[in-house]
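Geometric and topological summary
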Amino acid sequence: MVQHNVLITGGSGYLGGTLLNRLTEPSLTNTLPGLSKGNIYALVRNESQAEAVRSLYGVTPLTFDINDANAVRDAIVSNKITVVYFLVDPVRSDAQVHFIRALGEVRHSLTAQRDCVDAVHFLHTTGAKMFSSHTGAPTDRPLLDNDPGLFEIHRAQRGKHPVLNQAVQTNITVIEEGEKHGVRTYIFTPCIVYGKGEGFGNKISIQTVDIVKAAKAAGGVFKVNNGKPSWPVCHIEDNTSLYIDLLKGILQGGESSPDHGRNGFYLAASGNVAWDDLYEAMAKTLAKRGVIKYSTIVQADQTTLEKMGAALDGAPAEFVSVYVGGLCTFTAEHGKKLGWKPEFVPEHILEAADEEVDWILKHL
Ligand SMILES: NC(=O)c1ccc[n+]([C@@H]2O[C@H](COP(=O)([O-])OP(=O)(O)OC[C@H]3O[C@@H](n4cnc5c(N)ncnc54)[C@H](OP(=O)(O)O)[C@@H]3O)[C@@H](O)[C@H]2O)c1
């Protein structure tokens, strides 16, 4: 049996920080077969982050440039890393390819004397946008994350935004590169994740935060969709438990090995909510706090879209719906096979809107 060494990236972020925190709880570490804190590494970018992961989680910090192939190779091979969780960048693929090639080398050294097909693993974190109307995914039916044809469907997807097409291609590149180097790959897909981040760094999410940023800039919460499209949602604890259940399956191996490669898509979602319902719940609490004047939701016009875009990384008006709108029928089935079951119902995000906005305003 391979002694696994696990590298978590993005540990100073919202998803990765919460994952590191949960993963290193003594009660949990004891249930991860063959893994102790001594086998967990965290990629960090400076000394204060290194000190945080050492003192808070008792894991080993590693600092190297993920865009430098040699630096990645050295770090992965010299520490005999066998599992990499990538939570840094869903768009470009360069760093992921460096990691996969390095893992291939580790596999080679581990399996020199015997054949071991499940020695090394790479999990890439993408996003639900890559399986939505923004990227030409089917939206006329539920798109199951365990659909045996999903790889081909995904490969054929095209949307109107080059940056999102690039992110779709990155998922494909990760899978194909894994096949070339004997590395098992997983495409992990968070959606609208909400709830309190538990890490030492960033404690807030992305899309609920974008709704707040756009509302502040535009003076209200505005509809950016036609019709009443919906999007998958997931509490941060449920998102984290899917990351962990996948890791358990990887560590157990054999019959418990998670599906991977062309069959390795995993959506972390408890179900869908309509954007309009989310806008309404968030507008109510933003108005109550005096952040915006009125809680009424109206359709955004061009000027409003421009104001919203300015607050969303300076995005052009036509890109605003990519941040806070769109239709996504991607459906979480695959995690169930690992025993994953979300604790929170989708409507919980609406009930929790007041708490979410409070948390966002404190940490924005
Ligand atoms: N949160 C969501 O709802 C959601 C939904 C869908 C997809 N995702 C995707 O999931 C991933 C994690 O999301 P998040 O919410 O945790 O994001 P986040 O809070 O912004 O965290 C990003 C992490 O990546 C690290 N990072 C960025 N560039 C790096 C580099 N060149 N080298 C090493 N580390 C680097 C950051 O380190 P520093 O702290 O040093 O900057 C940070 O730890 C992202 O790719 C995001 O797009 C998130």
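Notes on the structure follow. (Residues numbered from 1 in each chain as written. Predicted model: local features only at pLDDT ≥ 70, side-chain atom pairs only at ≥ 80, totals over all residues. Heavy atoms only, no water.)

The next subject is helix α7 (residues 162–181). The terminal C-alpha atoms of α7, which comprises 20 residues, lie 28 Å apart, in line with the 28 Å expected from a rise of 1.5 Å per residue. For α7, every residue scored as buried is listed here: Leu164, Ala167, Val168, Thr170, Asn171, Ile172, Thr173, Val174, Ile175, Glu177 and Gly178. Structurally, α7 contributes buried residues whose contacts are with α5 (94–110), β5 (121–125), α6 (150–156), β7 (184–190), β11 (265–268) and α12 (320–324). One or two steps after α7, the chain reaches Gly182, where phi turns positive at roughly 65 degrees. (Helix = DSSP H or I, 4+ residues; strand = E, 2+ residues; numbered from the N terminus. Expected span 1.5 Å × (residues − 1). Buried < 20%, exposed > 50% of the residue type's maximum accessible area, 1.4 Å probe, protein only. Contact = heavy atoms within 4.5 Å.)

On the basis of which strands lie adjacent, the open sheet formed by seven strands has the order β3-β2-β1-β4-β5-β7-β11 and parallel pairing. Two strands bound the open sheet, and with one partner strand each, they are β3 (60–62) and β11. Averaged over neighbouring strand pairs, the angle between their axes works out to 20 degrees when direction is ignored. By the bridge criterion, four bridges tie strand β4 (residues 83–86) to β5 in an arrangement that is parallel. Bridge assignment links Tyr85 to a residue of β5, and that residue is Leu123. Packing of helix α9 (residues 236–252) onto the sheet brings it into contact with β1 (6–8), β4, β5, β7 and β11, and relative to β7 it is tilted by some 170 degrees. (Pairing = 2+ DSSP bridges. Axes fitted to C-alpha atoms, helices over the stretch in contact; angles between N-to-C directions.)

Right, let's talk about unusual backbone geometry for a bit. It is generally the case that most residues other than glycine have a negative phi and that most peptide bonds are trans. For Lys80, which is not a glycine, the phi torsion comes out positive at approximately 50 degrees. Position of Lys80 among the secondary structure elements: in the loop between α4 (69–78) and β4. Phi angles above zero are rare outside glycine, and Asp313 is one such case at about 60 degrees.

What follows covers the site of the ligand. The ligand sits among 23 residues. The nearest are Ser12, Tyr14, Leu15, Arg45 and Asn202. One of the backbone nitrogen or oxygen atoms of Leu15 is found 2.8 Å away from an oxygen atom of the ligand. A distance of 3.5 Å separates an oxygen atom of the ligand from a polar atom in the backbone of Val193. If the ligand stood free it would expose 900 Å²; the protein chains cover 77% of that surface. Its residues assigned to classes, the shell around the ligand comprises 11 nonpolar, 10 polar and two charged. (Near = heavy atom within 4 Å. Polar contact = N/O pair within 3.5 Å; in protein donor to acceptor, adjacent residues only side chain to side chain. Areas by Shrake-Rupley, 256 points an atom, 1.4 Å probe, with all protein chains shown as cover. Nonpolar A, V, L, I, M, F, W, Y, C, P; charged D, E, K, R; others polar.)

This part is about the sheet that holds strand β12 (residues 271–274). Pairing is mixed across the open sheet formed by three strands, whose spatial order is β8-β10-β12. Every interior strand has two partners, whereas the edge strands, β8 (192–194) and β12, have only one. The average angle at which neighbouring strand axes cross in this sheet is 45 degrees, direction not considered. With three bridges connecting them, β8 and strand β10 (residues 230–235) associate as parallel partners.

With that settled, the discussion passes to the pairing of β11. Every second residue of β11 is oriented toward a common face, with Phe265 and Leu267 on one face and Tyr266 and Ala268 on the other, all of them buried. Pairing of β7 with β11, which is carried by four bridges, proceeds in the parallel orientation. Looking at β11, one finds that Phe188 is bridged to Tyr266.

As a packed pair, helix α8 (residues 207–218) and helix α11 (residues 302–311) sit with axes 8 Å apart at the nearest point and diverge in direction by 125 degrees. With respect to each other, α8 and α11 are oriented oblique. Considering the relative orientation of α8 and α11, their crossing is right-handed. Taken together, the residues of α11 that come into contact with α8 (itself represented by Lys213, Ala214, Ala217 and Ala218) are Thr304, Lys307, Met308 and Ala311. Broken down by class, the residue content of the contact of α8 with α11 amounts to five nonpolar, one polar and two charged. (Parallel < 35°, antiparallel > 145°, perpendicular 65-115°, else oblique. Left-handed = near helix turned anticlockwise from the far one by under 90°.)

Counting across every chain of the model gives 23 salt bridges. Two residues, Asp74 and Arg73, come together in a salt bridge whose shortest N-O distance is 3.4 Å. In this structure, Arg155 engages Glu152 in a salt bridge whose closest nitrogen and oxygen atoms are separated by 3.1 Å. Placement of the pair is Arg155 and Glu152 together in helix α6, with a separation of three residues, close to one helical turn. (Salt bridge = Lys/Arg side-chain N within 4 Å of Asp/Glu carboxyl O.)

Right, let's get into the nonpolar core. Core analysis: the largest hydrophobic core is formed by 122 residues, its most contacted members being Leu7, Phe64, Ile76, Tyr85, Phe99, Phe122 and Met308. It is α9 that provides the largest number of residues to this core, a total of eight residues. Contact partners of Phe122, with chain neighbours within four places excluded, come to Val84, Phe86, Gln96, Phe99, Ile100, Leu103, Val174, Val183, Arg184, Thr185 and Tyr186. (Core = buried A, V, L, I, M, F, W, Y, C linked by side-chain atoms within 4.5 Å.)

With that out of the way, let us pick up the side chain of Glu356. Along the chain, the position of Glu356 falls in helix α14 (residues 353–363). Buried and without a salt bridge, Glu356 has Lys196 as its closest oppositely charged side chain, separated by 8.8 Å. Apart from the residues lying within four places of it in its own chain, the contact partners of Glu356 are Tyr194, Gly195 and Thr208. (Lys, Arg positive; Asp, Glu negative; His and termini not counted.)

Residues lying three or four places apart along an α-helix face the same way, a consequence of the helix completing one turn every 3.6 residues. Buried within helix α3 (residues 47–57) we find Gln49, Ala50, Ala52, Val53 and Tyr57. Down the axis of α3, the buried side of the element spans an arc of 160 degrees, and every buried residue falls inside it. Away from its buried face by more than 90 degrees, α3 exposes Glu47, Ser48 and Ser55. The first or second residue beyond α3 is Gly58, which carries a positive phi of 65 degrees. (Arc of directions from axis to C-beta.)

Each aromatic ring pair is specified by the distance between its two centres and by the angle formed by the two planes. Overall, the coordinates contain 12 aromatic pairs when judged by the stated rule. Relative to Phe200, the ring of Tyr57 has its centre 6.3 Å away and its plane inclined at 50 degrees; by these criteria the two rings are tilted. Taken as a pair, Tyr57 in helix α3 and Phe200 in the loop between β8 and α8 lie far apart in primary sequence, 143 residues in all. Since its relative accessible area comes to 4%, Tyr57 is described here as buried. By relative accessible area, which is 24% here, Phe200 ends up partly exposed. When the centroid spacing of 5.8 Å and the interplanar angle of 50 degrees are considered together, the rings of Trp231 and Trp275 count as tilted. Here the residue Trp231 occupies a position in strand β10, and Trp275 occupies one in helix α10 (residues 275–288), the gap between them amounting to 44 residues. With a relative accessible area of 1%, Trp231 lands in the buried category. Relative accessible area serves as the criterion here: at 1%, Trp275 is assigned to the buried category. (Phe/Tyr/Trp six-rings, centres within 6.5 Å; stacked < 30°, edge-to-face > 60°.)

Note that all results are geometric; they support no functional claim without further evidence.
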